[in-house]
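Report on the structure
Next come the chains, spelled out residue by residue.
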Amino acid sequence: MNKAVRKAVIAGNWKMNKTPAEAKELLNAIAPLVKDAGCDVVACVPYVDLQTALEATAGTNIKIGAENCHWEPSGAFTGEISADMLAAMGVEYVITGHSERRTYFGDTDVTVQKRTRAALDKGLTVIVCVGEYLEQREQGITAELVAMQTKIALQGVSKEELARVIIAYEPVWAIGTGRTATAEQANEVCAVIRGVIKDLYDAEAAEKMVIQYGGSMNAKNAAELLAQPDVDGGLIGGASLKPADFAEIVKAATVG
Ligand code: PEP
């Protein structure tokens, strides 16, 4: 399949880091470093930083995303933020199913599907995270598990809507651990996901599908990972908080 038909997406996931003032400072530092990017550049930030981030990136090529959303438009869901609220603010991206949401906050394949569906209905672009725990990799069920997570998340998503879906393959054992999947391991699972898209939709949809790798991607290992035929970008945690490192990854995606 022809990788050139897809535009890479490098997205930062800031997790629970940065106050609004710090967010402004970080985005002001990143913006000039990535202004000539040949890939899409996204910063997914904590809810309280969204307004500041939107203002700080106005007129730049950096798009802003949230790190989660609820599926109901409004209601008695204390502490939650709806896709409707994000869209009303002008937020363009949202992450669903990050492993930290699944592990610490009870997100399941079913709630990930509901969040994804709601976000698409509101016109957002969704970065859907899938990935296995180390025990599951050792058990040899990575491909099956990731295929299942992908299929459930995409239930009810049309082929046209896939243009606003990015799948991020994030092996849980590689997130925040400094232990990166090898380029071959990353590509192998991204190719499995592409195969699932082909089965669910068709070859054209599979060819156009943007599939990221995430898990300790950094300035040093990005080029090799992003050069893989089925890896179309990265979801970046720790390194997205360091302007020079994040810019280096964006540069690697532009070349790759
Ligand atoms: C992430 O949070 O999605 C992630 C990949 O984190 P890190 O890059 O720090 O491993």
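Scroll up a little and you will see the structure.
First, a word on scope: everything that follows refers to the structure included in this document. (Residues numbered from 1 in each chain as written. Predicted model: local features only at pLDDT ≥ 70, side-chain atom pairs only at ≥ 80, totals over all residues. Heavy atoms only, no water.)

The next point concerns unusual backbone geometry. Backbone geometry places K15, a non-glycine residue, at a positive phi of 55 degrees. Mapped onto the fold, K15 is located in the loop between β1 (9-13) and α1 (20-34). Backbone geometry places S216, a non-glycine residue, at a positive phi of 55 degrees. Among the structural elements, S216 can be located in the loop between β7 (210-214) and α10 (222-226). S216 sits in the buried class, given a relative accessible area of 18%. (Helix = DSSP H or I, 4+ residues; strand = E, 2+ residues; numbered from the N terminus. Buried < 20%, exposed > 50% of the residue type's maximum accessible area, 1.4 Å probe, protein only.)

Attention now moves to the pattern of salt bridges. Using the criterion set out here, one finds 16 salt bridges in the structure. D109 is the partner of R102 in a salt bridge, and the nearest nitrogen-oxygen pair spans 2.6 Å. Across the pair E204 and K208 runs a salt bridge whose closest N-O atoms are separated by 3.2 Å. In this pair, E204 and K208 are both assigned in helix α9 (residues 203-208), four residues apart and thus about one turn of the helix distant. A relative accessible area of 53% means that K208 is categorised as exposed. When salt bridges that share partners are traced, they join R6, R194, D230 and D232 into one network. (Salt bridge = Lys/Arg side-chain N within 4 Å of Asp/Glu carboxyl O.)

Attention now goes to the packing of aromatic side chains. To describe a pair of aromatic rings, you give the distance between the ring centres and the angle between the ring planes. This model, assessed by the stated rule, comprises two aromatic pairs. Aromatic pair Y104 and F105: ring centres 6.4 Å apart, planes at 85 degrees, arrangement edge-to-face. When sorted by exposure, Y104 lands in the same class as F105, which is exposed. (Phe/Tyr/Trp six-rings, centres within 6.5 Å; stacked < 30°, edge-to-face > 60°.)

Okay, the layout of surface pockets next. The computed volume of the largest pocket comes to approximately 480 Å³. Lining the largest pocket we find 18 residues, and of these K15, M16, E67, R101 and F105 sit closest to its centre. With three residues, helix α4 (residues 99-104) is the single largest residue contributor to the lining of the largest pocket. Of the residues that constitute the lining of the largest pocket, the class distribution is nine nonpolar, four polar and five charged. Here the second largest pocket is characterised by a volume of approximately 320 Å³. (1 Å grid on protein atoms, 1.4 Å probe; cavity = no way out; pocket = protein on both sides within 12 Å on 5 of 7 lines; lining within 4 Å. Points joined across faces, edges and corners; volume = space filled by probe spheres on them. Nonpolar A, V, L, I, M, F, W, Y, C, P; charged D, E, K, R; others polar.)

This part is about the nonpolar core. Burial of nonpolar side chains together is a common tendency in soluble globular proteins. One finds I10, I62, I64, L162, V165, Y213 and L226 to be the most contacted residues of the largest nonpolar core, which totals 69 residues. Ignoring sequence-local partners within four residues, the contact set of V165 consists of L120, V126, V128, L154, V157, M209 and V210. The next biggest cluster of nonpolar side chains, apart from the first, holds 12 residues, and it includes V9, A11, Y93 and C129. (Core = buried A, V, L, I, M, F, W, Y, C linked by side-chain atoms within 4.5 Å. Contact = heavy atoms within 4.5 Å.)

None of this, on its own, says anything about what the molecule does.
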